[in-house]
Amino acid sequence: MSELKDLASQTAATWHIPDQVRVGVLAGIEEHERWLQAHLLSCNDCRAPLIDLLGKLAKAELTRPELAQVTCSEARNAIFHFLETGREPALDLLRHIVTCELCAEPFYEPAKARVVLEHDPDDTGEAG
Ligand SMILES: [Zn+2]
Ligand SMILES: [Zn+2]
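These numbers were taken from a predicted model, which means no experiment stands behind them.

Draft legend 1. Structural context of the overall build of the protein. Secondary structure summary: the protein contains 8 helices and 0 strands in total. Listing every helix and strand of the protein by position from the N terminus yields α-α-α-α-α-α-α-α. Evaluated residue by residue, the protein yields a buried proportion of 20% over its 128 residues. For the protein, long-range pairs separated by at least 24 residues make up 61% of all intrachain contacts whose partners lie at least 6 apart in sequence.

Draft legend 2. Layout of the packing of helix α2 (residues 19–26) against helix α6 (residues 72–85). It is the contact of α2 with α6, at a shortest axis distance of 9 Å, that shows an interaxial angle of 150°. Classified by the angle their axes make, α2 and α6 are roughly antiparallel. For the pair α2 and α6, the contacting residues are Arg 22, Val 25 and Leu 26 in the first and Ser 73, Arg 76, Asn 77 and Phe 80 in the second.

Draft legend 3. Quick peek at the environment of Gln 20. On the secondary structure map, Gln 20 appears in helix α2. The exposure class assigned to Gln 20 is exposed, which follows from the 11 C-beta atoms found within 10 Å. In this structure the C-alpha to C-alpha distance between Gln 20 and His 32, which are 12 residues apart in sequence, comes to 8.2 Å.

Draft legend 4. Molecular detail of the nonpolar core. By size, the foremost hydrophobic cluster in this structure holds 18 residues, and its most contacted members are Ala 75, Ile 79, Leu 93 and Ile 97. Where this core is concerned, the elements lending two or more residues are α3 (30–42), α4 (44–55), α6, α7 (91–99) and α8 (101–118). Beyond its immediate chain neighbours, meaning those up to four positions away, Ala 75 contacts Val 70, Leu 93, His 96, Ile 97 and Cys 103.

Draft legend 5. Structural view of the environment of Phe 82. Mapped onto the elements, Phe 82 comes out in helix α6. Under the C-beta neighbour-count criterion, Phe 82 is labelled partly exposed, with 17 such atoms within 10 Å. The residues contacting Phe 82, other than those within four sequence positions of it, are Leu 53, Arg 87, Glu 88 and Pro 89.

Draft legend 6. Layout of the confidence of the model for the protein. When pLDDT is averaged across the protein, the result is 80; 69% of the residues are at 70 or more. Counting interchain partners and residues more than four positions distant, the pLDDT-below-50 stretch residues 7–13 has 2 contacts.

About the criteria used
- Residues numbered from 1 in each chain as written.
- Chains lettered and ligands numbered in written order.
- Predicted model: local features only at pLDDT ≥ 70, side-chain atom pairs only at ≥ 80, totals over all residues.
- Helix = DSSP H or I, 4+ residues; strand = E, 2+ residues; numbered from the N terminus.
- Buried ≥ 20, exposed ≤ 12 C-beta atoms within 10 Å, placed from the backbone.
- Contact = placed C-beta atoms within 7 Å.
- Axes fitted to C-alpha atoms, helices over the stretch in contact; angles between N-to-C directions.
- Parallel < 35°, antiparallel > 145°, perpendicular 65-115°, else oblique.
- Core = buried A, V, L, I, M, F, W, Y, C linked by C-beta atoms within 7 Å.
- pLDDT = per-residue confidence, 0-100.

Structural data, given as structure tokens:
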């Protein structure tokens, strides 16, 4: 029993999003997108690296007209891969996540909500 517990604490920051959700989000199934969005809002292990990653994207990068042709599932898969392995996605894929309405909702909105809070000088972040 204690071995299982140890394992759980050791893997706390690693992959814990169900395969079903991952597959559903890649396929653009709304139910799974909402699950992921809610998860990112409540799970710091997933959200923190995502905030970090998306925070690196400068505004100038987002308004560049020559957006590469990237599919939603390619970009989403890259984010999952990032959460899983820590490998940063290519810039084009990141740009897609932020600029694509469909992808921004489950991935970027939760991160953005927190970024805004953290940049608010009146919010010390010690609430709760
Ligand atoms: Zn998580
Ligand atoms: Zn997209």
